[in-house]
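Below, each chain spelled out in residue letters.
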Amino acid sequence: MILLTPTDWQALMLSARVAGLATLLALPFGFLVACLLSYGRFRGKALLEGVVNLPLVLPPVVVGYLLLLALGDAGLGPLLDRLGVRLLFTWYAAVLAALVVGFPLLVRSIRIGLEAIDPQLLLVSSSLGAGRFDTLCNVVLPLSRRSLLAGASLMFARSLGEFGATIMVAGNIPGLTQTIPLAIYDYGSAPGGERLALGLCLASIALSLLVLLFSEKLARGRREVNS
Amino acid sequence: MNLFVSVEKRLGNFSLAAEFASESGSLGLFGPSGSGKSTLFNLLAGTTRPDCGTIRLGDRLLFSSSTRTCLPPQQRRIGLVFQQGMLFPHLSVRENLLFGFQRLPGRERAIDPDRVIGVLGLEELLARKAPELSGGERQRVALGRALLCNPKLLLLDEPLSALDDCLKGQIVPFLQAVRREFGTPYLLISHSLQELRLLTDEVLLIERGVLTGRSHPEEIARQSLGSSLGYLNLVEARDLRRQDGLWSFAWGEQTLTLVDDTPEAGGAYSLSSKDILLCREHPLAISARNLLHCRVVRLFRYQGQVGVELDCGGGRNLISQVVEQAVRELELQVGQKVYALFKANAFKRVY
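This one's a predicted model, so the numbers in the text were calculated from it and none came from an experiment. (Residues numbered from 1 in each chain as written. Chains lettered and ligands numbered in written order. Predicted model: local features only at pLDDT ≥ 70, side-chain atom pairs only at ≥ 80, totals over all residues.)

Caption draft 1: Spotlight on the overall build of chain B. Along chain B, the regular secondary structure elements total nine helices and 22 strands. Dimensions of chain B along its principal axes, counting C-alpha atoms only, are 70 × 45 × 30 Å. Each of the 351 residues in chain B was classed as buried or not, and the buried ones make up 39%. Contacts spanning at least 24 positions in sequence make up 71% of the contacts within chain B whose residues lie at least 6 apart. (Helix = DSSP H or I, 4+ residues; strand = E, 2+ residues; numbered from the N terminus. Buried ≥ 20, exposed ≤ 12 C-beta atoms within 10 Å, placed from the backbone. Contact = placed C-beta atoms within 7 Å.)

Structure, rendered in structure tokens:
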């Protein structure tokens, strides 16, 4: 019988919390950045696109190290200290790591949805007197709900598995910053931890499946409304 | 409408140069695909910026390169209707209709939604979602939606071309009703001469990015004498009577007979100039069910064919086409009395 220890439960809950919060925080920004990249015409668009997509191709450890530098003493550290904010090696840092690593996936998904919207619909909207923001809220947003959902589940799933960047900025403190992958890593590298690691693996599979089923159900519900 | 356009636009290899002014309430833009119709549409709608020139609608300057004015689409007060309707799929018909209306300031809301719903026959559709509608219904909703914004001009980009012939015919009376009831001027872009004849008073011709002329749609239709279909006479049939399996109706001072197997006969029918025979003497026994007394009012020639315009009385004219040899043998000339013959099944329903 495979049982989860209390620390495993903590890791599980923390993972869900980190992934959920990162996804929620990323959604509005992801939507805006996707709109900018899809509809915007401005200088430096290619650069923005590159920066957004960079974490997708960089090793997560590199992203984590860069975040560590940015939030450390040479970066924003002193400012955060003065504000009384402690980020590094707390679970907030894990959220930040998940956010940066998952963000490009979210933006990509939303962009696929945005590009499927007929540009003539947007033209009709403005010819009917709706300004850009109005069109964005009342036409683009409702029409990209499905891609937002798809992007969110993708990002949530990716965040659940975040390892490299998280271990760099949040550390691996059981009960505090230890998420599922970090816990599995711990078990895997300690003698006799195979069974415990397997338990967490199964829990992780269950959680991911749950997310998948949930988003499928929502998407199907919407399809039925539409058809 | 008081529309003045003088614009130039270069897009890759294609360049458009158009200059025209029009006060017509129903203007057509006619040209083959790739002639620049859509580019002109985009310049007027405000999605494409002309390289230089001026666009003025009424007393409002929409674009001017000299004063660096370029109003965005939402400030142009131009209603758009596309080939595919382009209804917002997430909204109901009612919400689609009122989308622009709700964004108008109170004093601009000159057109009553209930009247539009009535004229366009949308009462039954209001609660439905856009994807549940047929093509023709979608176009009616799109038209109503644009109209409710109280636009200074309606831009109709091939609004009928995605519909099959039967549906097309059903939309034409609605467009005519819109012109009659609300007086909103429109510019109809089309490659169908038939549509332009039914819906516009004046037509601009465009070819390879250049306006090549403007004329009455009737004039352009007469040039189709040489085409395989010939010139199509449009005949309005009202108050039909059933007689021996045929339909008869009064047309000016004479009576016409036609075959129509659809349950509801009546509306507009086309009659090709090629189907009308001319006779000097009264033929005694003929199979054709229509025999009209007419007078020749005009002879015109196009690509080896002779068009004979006939006055059939009561202000009704028909155009027949014959070859030069027939003109000589029948000694056709203006003022000549002739008989026009055509079969009851020569009529094709337009709508």
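This is not the end of the story, as more comes after the structure.
Caption draft 2: Up close: the sheet that holds strand 15 (residues 254-258) of chain B. All names here are of chain B. One open sheet holds the three strands; their spatial order is 13-14-15, and the pairing between them is antiparallel. This sheet does not close on itself; its edge strands, each paired only once, are strand 13 (241-243) and strand 15. For this sheet the average axis-to-axis angle between neighbouring strands, irrespective of direction, equals 35 degrees. Sheet topology places strand 13 next to strand 14 (residues 246-251); three bridges connect them, and they run antiparallel. If you follow arginine 242 over to strand 14, its bridge partner there is tryptophan 247. (Pairing = 2+ DSSP bridges. Axes fitted to C-alpha atoms, helices over the stretch in contact; angles between N-to-C directions.)

Caption draft 3: Summary view of the interface of chain B and chain A. Taken residue by residue, the interface counts 19 residues in chain B and 15 residues in chain A. Elements with a minimum of two residues in the side of chain B that touches chain A: helix 2 (73-76), strand 7 (78-81) and helix 3 (93-101) of chain B. Top contributing element to the side of chain B that touches chain A by residue count: strand 7 of chain B, with three residues. In terms of residue class, the side of chain B that touches chain A is built from twelve nonpolar, five polar and two charged. (Nonpolar A, V, L, I, M, F, W, Y, C, P; charged D, E, K, R; others polar.)

Caption draft 4: View of the environment of phenylalanine 63 of chain B. All names here are of chain B. Within the fold, phenylalanine 63 resides in strand 5 (residues 60-64). Looking at phenylalanine 63, the number of C-beta atoms within 10 Å reads 24, which means it is buried. Considered as a pair, phenylalanine 63 and serine 6 are 57 residues apart in the sequence and their alpha carbons are 9.8 Å apart. Leaving out residues up to four positions away in the same chain, phenylalanine 63 has contacts with Pro50, Thr54, Ile55, Thr69 and Cys70.

Caption draft 5: Highlighting unusual backbone geometry. Residues and elements named next belong to chain B. For asparagine 150, which is not a glycine, the phi torsion comes out positive at approximately 50 degrees. Topologically, asparagine 150 is positioned in the loop between helix 5 (135-147) and strand 8 (153-157). By C-beta crowding, asparagine 150 is classed as partly exposed, having 17 other C-beta atoms within 10 Å.

Caption draft 6: Fine view of the environment of leucine 99 of chain A. Residues and elements named next belong to chain A. Counting through the fold element by element, leucine 99 comes out in helix 5 (residues 91-115). For the pair formed by leucine 99 and methionine 155, sequence separation is 56 residues and the distance between their alpha carbons is 8.4 Å. Aside from chain neighbours lying at most four places away, what touches leucine 99 is Ala22, Leu25 and Ala26.

Caption draft 7: Spotlight on the sheet that holds strand 17 (residues 277-279) of chain B. All names here are of chain B. Overall, antiparallel pairing links the five strands, which are arranged 17-21-18-19-20 in an open sheet. With one partner strand each, in any of the chains shown, strand 17 and strand 20 (317-323) form the two edges of the open sheet. Within the sheet, the average angular offset between the axes of one strand and its neighbour, ignoring direction, is 45 degrees. Taken together, the three bridges between strand 17 and strand 21 (residues 337-342) define a ladder with antiparallel strand orientation. Of the residues in strand 21, the one forming a bridge with leucine 278 is alanine 340.

Caption draft 8: Up close: helix 8 (residues 145-160) of chain A. With 16 residues, helix 8 of chain A ought to run about 22 Å at 1.5 Å a step, and its terminal C-alpha atoms sit 22 Å apart, in line with that. Along helix 8 of chain A, the positions that sit buried rather than exposed are Ser147, Leu149, Ala150, Gly151, Ala152, Ser153, Met155, Phe156, Arg158, Ser159 and Leu160 of chain A. (Expected span 1.5 Å × (residues − 1).)

Caption draft 9: Highlighting the packing of helix 2 (residues 45-57) of chain A against helix 5 of chain A. All names here are of chain A. One way to put it is that helix 2 packs onto helix 5 with a least axis distance of 8 Å and a crossing angle of 115 degrees. When the axes of helix 2 and helix 5 are compared, the crossing they make is left-handed. Here Val52, Asn53, Pro55 and Leu56 of helix 2 come into contact with helix 5, specifically with Val100, Val101, Phe103, Pro104 and Val107. Grouping the amino acids of the contact of helix 2 with helix 5 by side-chain chemistry returns eight nonpolar, one polar and no charged. (Left-handed = near helix turned anticlockwise from the far one by under 90°.)

These figures come from the coordinates and say nothing about function on their own.
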